[in-house]
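# A structural walkthrough
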Amino acid sequence: MDDVDAADVRAADEADRSRIWTDLVTEFGRDEASRRWLAIFAATDAPRTG
């Protein structure tokens, strides 16, 4: 999962985002998955929402 980046998430639909989240939780646990997901969010959605 280390190869998941902002572009992957940006291009993903809702089902793919759900899969990415599940994979992160499976590999790293909820706390680390949350930290990584927030980092992905910061690189994808935050610039668009201001």
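In this report, we go over the structure that sits alongside the text. (Residues numbered from 1 in each chain as written. Predicted model: local features only at pLDDT ≥ 70, side-chain atom pairs only at ≥ 80, totals over all residues. Heavy atoms only, no water.)

Time to look at the overall build of the chain. Secondary structure assignment for the chain yields 4 helices and 0 strands. Across the chain, helices and strands are ordered from the amino to the carboxyl terminus as α-α-α-α. Summarising the internal contacts of the chain: among those between residues at least 6 apart in sequence, 38% fall at separations of at least 24. Accessible area of the chain: about 3500 Å², with a carbon and sulfur share of 50%. (Helix = DSSP H or I, 4+ residues; strand = E, 2+ residues; numbered from the N terminus. Contact = heavy atoms within 4.5 Å. Areas by Shrake-Rupley, 256 points an atom, 1.4 Å probe, with all protein chains shown as cover.)

Within the structure shown, the criterion is met by 3 salt bridges. For arginine 19, the salt bridge goes to aspartate 23, with nearest N and O atoms at 3.1 Å. Remark: aspartate 23 and arginine 19 occur in helix α2 (residues 14-28); sequence separation between them is 4 residues, near one turn of the helix. Judged by relative accessible area, arginine 19 falls into the partly exposed class, the value being 44%. For arginine 35, the salt bridge goes to glutamate 32, with nearest N and O atoms at 2.6 Å. In this pair, arginine 35 and glutamate 32 both sit in helix α3 (residues 30-44), 3 residues apart, roughly one turn of the helix. Judged by relative accessible area, which is 47%, arginine 35 ranks as partly exposed. Taken together, the shared-partner salt bridges connect Glu32, Arg35 and Arg36 into one network. (Salt bridge = Lys/Arg side-chain N within 4 Å of Asp/Glu carboxyl O. Buried < 20%, exposed > 50% of the residue type's maximum accessible area, 1.4 Å probe, protein only.)

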